[in-house]
Amino acid sequence: MTFVDTHPTAESSYARTLIARGCSESLAVLAAEILARGETSQDWNSEEELIVAKAYAQLQ
């Protein structure tokens, strides 16, 4: 039986979208945590910027 989350969190939605578009699961989870906080990219530190940039670079 397949579980369907009818009320997904923003974080899980970001992760699923990134994975569906070709991002590796481990990187998608890290990037989703950052993206779900709702901050602008100016609020991210350099490590967070790098994680999100790598995730988007993997998208097909």
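Residues numbered from 1 in each chain as written. Predicted model: local features only at pLDDT ≥ 70, side-chain atom pairs only at ≥ 80, totals over all residues. Heavy atoms only, no water.

## With respect to the overall build of the chain
Keep this limit in mind: Strands here are runs of E lasting at least two residues and helices are runs of H or I lasting at least four, both read from the DSSP assignment and numbered beginning at the N terminus. Any residue under 20% of the maximum accessible area for its type is buried, any over 50% is exposed, and the rest in between are partly exposed; the area is computed with a 1.4 Å probe on protein chains only. The contact criterion used throughout is that any non-hydrogen atoms of two residues lie within 4.5 Å. Only the protein chains shown count as cover for residues, with accessible areas throughout obtained via the Shrake-Rupley method and a probe of 1.4 Å. Counted charges follow a simple rule, with Lys and Arg positive, Asp and Glu negative, and His plus the chain ends left uncounted. A single reference atom marks each charge: NZ on Lys, CZ on Arg, CG on Asp, CD on Glu.
For the chain, the count of helices and strands is three helices and zero strands. If you list the helices and strands of the chain from N to C, you get α-α-α. Expressed as a percentage of the 60 residues in the chain, the buried residues total 23%. Of all intrachain contacts in the chain linking residues separated by at least 6 positions in sequence, the fraction that spans at least 24 positions is 38%. Accessible surface for the chain amounts to roughly 4400 Å². Of this, 54% is attributable to carbon and sulfur atoms. Between the averaged position of the 4 positive side-chain charges in the chain and that of its 9 negative side-chain charges there is a distance of 7 Å.

## Things to note about the nonpolar core
Definition in use: Put simply, buried Ala, Val, Leu, Ile, Met, Phe, Trp, Tyr and Cys residues joined by side-chain atoms within 4.5 Å make one nonpolar core.
Ranked by size, the top nonpolar core spans 11 residues in total: Leu18, Cys23, Leu27, Ala28, Ala31, Ile34, Leu35, Trp44, Ile51, Val52 and Ala55. Of all the secondary-structure elements, those providing two or more residues to this core are α2 (25-35) and α3 (46-57). If one sorts the elements of this core by residue count, α2 sits on top with five residues.

## Brief notes about the environment of Ser41
With respect to the secondary-structure elements, Ser41 resides in the loop between α2 and α3. Owing to a relative accessible area of 38%, Ser41 belongs among the partly exposed residues under this scheme. Counting along the chain gives 11 residues from Ser41 to Val52, while the straight-line C-alpha distance between them is 9.4 Å.

## Comments concerning the packing of α2 against α3
Heads up, the rule is: For every element, the axis is a line fit to its C-alpha atoms; helices are fit only across the contacting stretch, and the angle between N-to-C directions ranges from 0 to 180 degrees. Relative orientations are named as follows: roughly parallel for angles under 35 degrees, roughly antiparallel for angles over 145 degrees, roughly perpendicular for angles from 65 to 115 degrees, and oblique for any other angle. We call a crossing left-handed when the near helix sits turned anticlockwise from the far one by less than a right angle, and right-handed when that turn is clockwise.
In the contact formed by α2 and α3, the axes pass within 9 Å of each other and the chain directions differ by 125 degrees. Comparing their axes, α3 and α2 come out oblique. Two packed elements cross with a definite hand, and for α2 against α3 that hand is left-handed. From α2, Leu27, Leu30, Ala31, Ile34 and Leu35 reach across to α3, where they touch Glu48, Ile51, Val52, Lys54, Ala55 and Tyr56.

## Quick look at the side chain of Glu48
Residue position: Glu48 is located in helix α3. Setting aside its immediate chain neighbours within four residues, Glu48 contacts Ile34, Arg37 and Asp43.

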